[in-house]
Amino acid sequence: MGEETELKIPRHIGIIMDGNGRWAKKRLLPRSAGHVKGAEVFRTITRHCEKLGVEALTVYAFSTENWSRPKGEIEGIMNLMRSYLRDAFTFEGENIKIRFIGERSALASDIVELMESLEATSRENTGLILNIAFNYGGREEICRAARLLAARVASGELKVEDIDQELFGSLTYTASCPEVDMILRPSGEERLSNFLLWQSAYSEFVFMDTLWPDFTPEKLEEAIEIYSSRSRRFGASE
Ligand code: IPE
Ligand code: IPE
Ligand code: MG
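Summarised in this report is the structure supplied together with it.

Criteria and cut-off values
Along every chain, residues carry numbers that run from 1 in the direction the sequence is written. Here chains are named by letter from A upward and ligands by number from 1 upward, in the order in which they appear as written. Given that the model is predicted, a residue must reach a pLDDT of at least 70 before its local features are reported, and side-chain atom pairs must reach 80 or more before they are shown or counted; all residues, however, enter totals for whole chains, interfaces and linings. Side-chain metrics in this entry use all non-hydrogen atoms of the structure; hydrogen atoms and water are not considered. The way it works is that DSSP assigns letters per residue, a run of H or I at least four long becomes a helix, a run of E at least two long becomes a strand, and they are numbered from the N terminus. Here the radius of gyration uses the C-alpha set of atoms, whereas the globule reference equals 2.2 Å times the residue count to the power 0.38. Computed by Shrake-Rupley with a 1.4 Å probe, the accessible areas treat only the displayed protein chains as cover when residues are assessed. In this tally, Asp and Glu contribute negative charge and Lys and Arg positive charge; neither His nor the terminal groups of the chain are included. Charge placement uses NZ in Lys and CZ in Arg. For Asp and Glu, CG and CD serve respectively. Buried Ala, Val, Leu, Ile, Met, Phe, Trp, Tyr and Cys residues form a nonpolar core when they are joined through side-chain atoms within 4.5 Å. The classification of residues rests on relative accessible area computed with a 1.4 Å probe and restricted to protein chains. Under 20% of the type maximum is buried, over 50% is exposed, and intermediate values are partly exposed. By the convention used here, residues are in contact when the closest approach between their heavy atoms is within 4.5 Å. Axis definition: a line fitted to C-alpha atoms, over the contacting stretch in the case of helices. Angles run 0 to 180 degrees between N-to-C directions. Whether a crossing is left-handed or right-handed is set by the direction in which the near helix is turned from the far one by less than a right angle, anticlockwise for left-handed and clockwise for right-handed. Amino acid classes used here: Ala, Val, Leu, Ile, Met, Phe, Trp, Tyr, Cys and Pro are nonpolar; Asp, Glu, Lys and Arg are charged; the rest, including Gly, are polar. Stacked, tilted and edge-to-face are the three classes applied to pairs of Phe, Tyr and Trp rings, where Trp contributes its six-membered ring and a pair requires centres within 6.5 Å; stacked means planes under 30 degrees apart, edge-to-face means over 60, and tilted covers the rest. Strands qualify as paired when DSSP identifies two bridges or more between them. Surface patches are drawn from residues lacking salt bridges whose relative accessible area is over 30%; two like charges belong together within 9 Å, two nonpolar side chains (Val, Leu, Ile, Met, Phe, Trp, Tyr) within 5 Å. Salt bridge, as applied in this entry: a Lys or Arg side-chain nitrogen positioned within 4 Å of an Asp or Glu carboxyl oxygen.

1. Structural notes on the overall build of the protein
Inference 1: Secondary structure assignment for the protein yields 7 helices and 6 strands.
Inference 2: Reading the protein from its N terminus to its C terminus gives the helix and strand order β-α-α-β-α-β-α-β-α-α-β-β-α.
Inference 3: A compact globule built from 238 residues would reach a C-alpha radius of gyration of about 18 Å, and the protein, at 18 Å, matches this within 12%.
Inference 4: Each principal axis of the C-alpha atoms in the protein carries an extent, and together these give about 60 × 50 × 35 Å.
Inference 5: Only carbon and sulfur atoms are counted for the fraction: they give 50% of the accessible area of the protein, which is about 12300 Å².
Inference 6: Looking at the protein, you have 30 positive and 38 negative side-chain charges, and the mean spots of the two groups are 5 Å apart.

Quick look at the structure:
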């Protein structure tokens, strides 16, 4: 990367935290060991985003499609979530505003309660906004916004012609965050897997081969350098 490239810090980063299973397999460990290490890396990278001045970070932790995994693996992920929720992700006193995005009704009630309490205790924090996508799916998020709009039309509160991108966007989970500037997927896969479909219209995609549990702050900076070298045009000619 040329030294002349000015480092532009994305205002909002989305990360697909992928590769935990392959990391564990390479070490002949159970997949759960990969999820444990992945969760540690998540904390390190979140802190690094805060340090770099990123305004919002959205991480993909569990997708609506991940329910198709073996029951034991799902249970392991849920228990890991419980234990991290109990220690408040160890972000206590760190000025990070934590929010959970995704469908909560399918989650165990104790997990939902822990999520709500963590959101409540970090609500006044003014630093990094951390959205944890858990039982999240981009298509479901879009359907949810459509349902909310349809209900308002049905009640006569809203006219069909009033529905525009701004209104629709205001009903997505990330409405209060800046646009998602960069979506990062480690692990070698080059797809969205139903992550931030609405929000990624003009995001820059950065794919890296490193498995998520091996990810480091240096790798994050490398991704930001790649992002900085891109020319974003948003449909304009220059
Ligand atoms: C990401 O790692 C974590 C979740 C999807 C919960 P994976 O478990 O998908 O790891 P790989 O892709 O199989 O290596
Ligand atoms: C996407 O990874 C979901 C998360 C990282 C939480 P997957 O591992 O589930 O995606 P696919 O199956 O490779 O597309
Ligand atoms: Mg995967």
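2. Comments concerning the nonpolar core
Inference 1: Core analysis: the largest hydrophobic core is formed by 39 residues, its most contacted members being Ile15, Leu130 and Leu184.
Inference 2: In terms of residue count, helix α3 (residues 71-86) provides more of this core than any other element does, 5 residues in total.
Inference 3: Excluding anything up to four places from it in sequence, Ile15 contacts Ile45, Leu57, Thr58, Val59, Tyr60, Leu184, Pro186, Phe195 and Trp212.
Inference 4: Ranked by size, the runner-up nonpolar core spans 11 residues in total, among them Ile16, Ala133, Tyr136 and Leu196.

3. Re the packing of helix α2 (residues 31-52) against α3
Inference 1: Following both chains from N to C, one finds α2 and α3 inclined at 30°, their axes separated by 10 Å at the closest point. Where α2 crosses over α3, the handedness of that crossing is right-handed. Residues Arg31, His35, Val36, Ala39 and Arg43 of α2 lie in contact with α3, whose contacting residues are Glu73, Ile77, Leu80 and Tyr84.
Inference 2: A breakdown of the residues in the contact of α2 with α3 according to their chemical character gives 5 nonpolar, 1 polar and 3 charged.

4. Considering the packing of aromatic side chains
Inference 1: Counting across every chain of the model gives 11 aromatic pairs.
Inference 2: Relative to Tyr136, the ring of Tyr60 lies with its centre 5.8 Å away and its plane at 85°, an arrangement referred to as edge-to-face. Of this pair, Tyr60 sits in strand β2 (residues 56-63) while Tyr136 sits in strand β4 (residues 129-136); the two residues are 76 residues apart in sequence, bridging distant segments of the chain.
Inference 3: A relative accessible area of 0% means that Tyr136 is categorised as buried.

5. Some points on the pairing of β4
Inference 1: In terms of residue burial, β4 counts as a mostly covered element, since 8 of its 8 residues are buried.
Inference 2: In this sheet, β4 lies alongside strand β3 (residues 97-101) in parallel orientation, the contact comprising 5 bridges. Across the sheet, residue Ile101 finds its bridge partner in β4, namely Ala133.

6. Things to note about a negative patch on the surface
Inference 1: Together, Glu161, Asp162, Asp164 and Glu166 make up a region of like negative charge exposed at the surface.
Inference 2: Examined against the element boundaries, Glu161 turns out to sit in the loop between α5 (138-154) and α6 (165-169).

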